[in-house]
Amino acid sequence: MPVKVAMVSLASCWGCYQSLLDNHEALLDILPELDILFWHVVTDFKYKDLEGYKDGSIDVGIVEGVCRTEEDVHILKTLRKKCKTLISLGSCSTYGGIYGLLNLSTMDEALKRKFTEAESLEEPSIPDEDVPKMLDFLIPNRKIVNFEIFLPGCPVTSQNIKDALVGLLKGELPPPPNRTLCDECPREKSEVITIKQLKRDYEGIPDPKKCLLEQGYICMGPATREGCGALCTKAGMPCRGCYGPGPNVIDQGAKMISALGSIVDYEAISPEELVEKVGDVAGTFYNFFLPSGIVSKTVRKAK
Amino acid sequence: MSKEIVIEPATRLEGHGKIVIKLGKNNRVEEAHFGVVVTRFFEKFLEGRLMERVVRIAPRICGICPEAHHLAAISAVEVAWDVTPPLPALKLRELLLQAKYISSHALHFYALAAPDFLLGPLAEPKYRNVVTVIKNLPDAGKKAIELMKIGQELCFLIGGRAIHPVTSIPGGQSKSMTEEERDEQLKRIDRALELTTFTVDLAKKVVTDYLDVITKLGVFDSYYVGLANEGTHTIFGKATVRVMSPDGKIVADFPKKDYLEYIAEHVAPYSYATHIFYKPAGYPDGIWRAGPLPRLNVVDKMETPLAQEALKEYRDAVGRPCNATLAYNWARIVELVEAVEKAKILLEDPDIVSTDVKLADVEPKQGNGVGIVEAPRGTLIHHYWSDDKGICTKANLIVATNHNIATVEKSILVTAKQVFEDKILEKLKLPKPMIKT
Amino acid sequence: MSASSAMLRRFVYTAQNWCSYAGADMAGTSRMQYPPNARFIRVMCSSRVDPQFVLKAFELGADGVLIAGCHHGDCHYVTGNYRAEERIRLLEKLIEQLGIEPERLRLEWISASEGNVLVEVMNDFVKKLKELGPSPLRKDKE
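Residues numbered from 1 in each chain as written. Chains lettered and ligands numbered in written order. Predicted model: local features only at pLDDT ≥ 70, side-chain atom pairs only at ≥ 80, totals over all residues.

1. Details of the domain arrangement of chain A
Residue and element names in this part refer to chain A.
Here is step 1: The domain architecture assigned to chain A consists of domain 1 (3-97 + 138-170) and domain 2 (178-303).
Here is step 2: Just the C-alpha atoms count here: the centres of domain 1 and domain 2 sit 29 Å apart.
Here is step 3: Per element, the largest residue contribution to the side of domain 1 that touches domain 2 is three residues, and it comes from helix H5 (residues 91-95).
Here is step 4: A breakdown of the residues in the side of domain 1 that touches domain 2 according to their chemical character gives six nonpolar, seven polar and no charged. (Domains from an automatic or database assignment. Helix = DSSP H or I, 4+ residues; strand = E, 2+ residues; numbered from the N terminus. Nonpolar A, V, L, I, M, F, W, Y, C, P; charged D, E, K, R; others polar.)

2. As for the sheet that holds strand E2 (residues 34-39) of chain A
Neighbouring strands of a sheet are bound in pairs by backbone hydrogen bonds; such pairs are parallel or else antiparallel.
Residues and elements named next belong to chain A.
Here is step 1: Strand order across the open sheet formed by five strands is E2-E1-E3-E4-E5, with parallel pairing between neighbours. Looking at which strands have only one partner, the edges of the open sheet turn out to be E2 and strand E5 (149-151). On average, each strand axis in the sheet is inclined to that of its neighbour by 20°, with strand direction left out of account.
Here is step 2: Summarising the sheet, strand E1 (residues 3-9) and strand E3 (residues 58-64) pair through five bridges and their orientation is parallel. Bridged to valine 5 within E3 is valine 60.
Here is step 3: Taken strand by strand, helix H7 (residues 158-170) contacts E1, E3 and E5, and its axis lies near 160° from that of E5. (Pairing = 2+ DSSP bridges. Axes fitted to C-alpha atoms, helices over the stretch in contact; angles between N-to-C directions. Contact = placed C-beta atoms within 7 Å.)

3. Some details on the pairing of strand E9 (residues 250-255) of chain B
Residue and element names in this part refer to chain B.
Here is step 1: Taken together, the five bridges between strand E8 (residues 240-244) and E9 define a ladder with antiparallel strand orientation. When the sheet's bridge partners are listed, arginine 242 is paired in E9 with aspartate 253.
Here is step 2: Turn length for the E8-E9 hairpin, with the two strands adjacent in sequence and antiparallel, is five residues, and the turn residue glycine 248 shows positive phi of about 95°.

4. Thoughts on the sheet that holds strand E3 (residues 64-69) of chain C
Residue and element names in this part refer to chain C.
Here is step 1: Spatially, four strands are ordered E2-E1-E3-E4 in an open sheet, and the strand pairing comes out parallel. The sheet terminates laterally at strand E2 (38-43) and strand E4 (105-109), the two strands that pair on one side only. Shown here is a sheet whose adjacent strand axes are inclined to one another by a mean of 20°, direction ignored.
Here is step 2: Where strand E1 (residues 11-16) meets E2, six bridges bridge the pair, whose relative direction is parallel. Pairing of glutamine 16 across the sheet is with valine 43, part of E2.
Here is step 3: Taken strand by strand, helix H2 (residues 20-29) contacts E1, E2 and E3, and its axis lies near 110° from that of E1.
Here is step 4: The strands touched by helix H5 (residues 115-132) within the sheet are E1, E2, E3 and E4, with E3 carrying the most contacts at an inclination of about 160°.

5. Side note on unusual backbone geometry
Here is step 1: Cis peptide bonds are those with omega within 30 degrees of zero, and the linkage from cysteine 154 of chain A to proline 155 of chain A qualifies with 0°.
Here is step 2: Note on placement: proline 155 of chain A falls in the loop between E5 and H7.
Here is step 3: The omega torsion across glutamate 8 of chain B and proline 9 of chain B is 0°, close enough to zero to call that bond cis.
Here is step 4: As for its placement among the helices and strands, proline 9 of chain B is situated in the loop between strand E1 (3-7) and strand E2 (17-23).
Here is step 5: Not every positive phi belongs to a glycine, and arginine 12 of chain B is a case in point at roughly 55°.
Here is step 6: By secondary structure assignment, the location of arginine 12 of chain B is in the loop between E1 and E2.
Here is step 7: Looking at arginine 12 of chain B, the number of C-beta atoms within 10 Å reads 20, which means it is buried.
Here is step 8: Located in the positive-phi region is aspartate 82 of chain B, a residue other than glycine, with phi close to 60°.
Here is step 9: Mapped onto the elements of the fold, aspartate 82 of chain B is located in the loop between helix H3 (66-81) and helix H4 (87-119).
Here is step 10: By the C-beta count within 10 Å, which is 10 here, aspartate 82 of chain B ends up exposed. (Buried ≥ 20, exposed ≤ 12 C-beta atoms within 10 Å, placed from the backbone.)

If you want it as structure tokens, here you go:
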């Protein structure tokens, strides 16, 4: 009996669904088990089809992306009504995601930049006819509707998605990953980490075996949930925190600020130097998480 | 008696489009709008970010072609900071983009376009998708998946992740390729060539079956834009931006940094994605198309031999310039051949396993830089301004599909007229569908 | 809301146990007058002040947050105050990026015998907060 599935994209990049496709041959086992009733990049069902399904008649709904417009909110609420189980796919849906960095500006500032100041514009003009209204700020989807399952990541890895779908189909979900990225990362770590020098990601050439944070590169590992297989640190780049905070953490950015305070050598790096080197504090620590932060958006009025 | 047809959302494309067609008396098409109903404002939230992080944020513009954004971004940053990475790093970057072409063009052909042709335009909408294709043509389905896998896994190897790569950094790449990895990839690229040949044959069959449709439906003139390296097809690296007028003349061939003199955006009130046009021709006369078909219009020849043969076959059938919208799918296959051939050439280059892939000394500089690459779906422009600390102070972006918004709209208008006024569906020679539902 | 309560500027004062809380004690026992606007929270060390607490205080509507720790070299746990300083400087920059004036967050070193310094600091902080006006995060602000 195929499982009825509806998959929507709110404001998103489709990376999480691409990650689903990147299960490659395993798709040939999963797809026949699904009766796909909405998936706009792959199938031809329209919104009126989605709205026409009976409430609660769809077994599984999947939401990728974040609510950027009022129409996104409508689609999200519609999907919640139609589905028994709702999955939040990816960090945009789960935390607000990388587009959440726009929460550091007001919507007026954003519209102004893109539609009146951009260098290639012929003439300034803000679209206002038959386009859905922009929400002032991004909030995580769970503040709008309830979800049964959250899969963080940017994107969620193909393995995570496969494990979740197969688990759902079997009726037994895998246990959530519950440690931090540092536990997954294969790099060598000293017993006690002390940072004596801070580096921007492009400075020097990192030792491929040692902990990046120890070498002075700002890596979000300590404040980030495991589950991705430490892809970035294995590729020579510091973690940016896309899987969101580890368990028992309310605010990922604040936690990383706390962690840095603990391991920076005060004699070697003064607080002023720390701030100078970090440069962009909000962007560094809240790259994927800002709409879920304790203070989740700017309180400044438009300049 | 006016009637409004609303198609919402536009499907089998990545992005959020809404089509509105207004019909008047006697089914006369009065208006056709293609509205993009959302935007994320990268041009605003990239401000204030460290430039090397911009390179890791930009890929989130698109999860199907994040490599293109990663590479356009790093190119722009390195121009702004006046940094030239070691040559092996540039070769790895090009290979990354070729790998993306392999998986993206295969994905587009099999999952986004093929359902229309294999099932036919009269099939029920609920069957018109790749799941039906896989069910009914399991061999083609398996081969498609295998080809996409080869592309994605090569992307993973070079980019650190297949989706949202991380390895490009001012000064080079954060990891190099080992000889074992290269040897394994060479084996796979040979398999990719076999799978591409299969795809070419399938495409040829589709094109032959649908030639009447391709040469009649949605055919209209426009300008065309794409990169070229002294006339040769290229997607990355040394190139100029070529513009072809509707009558087939190359009217501009300019350095990447001068794009603002030739490219402008018109804001349509019903779309968050702007209408791009060739500035000297003005709006709306200068609206243009980007992507595979326009690229094959503006270049004189392909870079690699089999692709050049495929180009010749294509041009013999549809001409140059080709203005037939549906021929995009054929042009895409010509490019797929080149992507596989070029990937093999790069993998066979001894530089590809060099460990000299990153400069140790990189300093930020105040300045601005333009990075342009050909994303699978069109000419991708990233323009950043950096302060002396290496923080982004401004960003201007013209993304691949942005170039096509106005011309997609035009193609809808043209096609709607054909369908509702000329009743073209009754006149077209439609083949028997390969898949019956 | 009456005029006088509208003028009340509220702030959270975290005083660490060994130095600054004792300093506050001293101010009290010496009958020094200090402004009533502070909500005191005692912690064992300024490094116990989790950045999440600071953000939560602002989110709940505090007009300011004042964190007091021991002078350099006097930390009961040796390095705690250094860690606090590294964190607070980052937090100042963070709240600035979020549109909250960084002056609303303050870090001071106050010893057990410096009750007078404490009073001065608190008076100065209240004065500054009155100039800045209510926190933009206050839901009841006029």
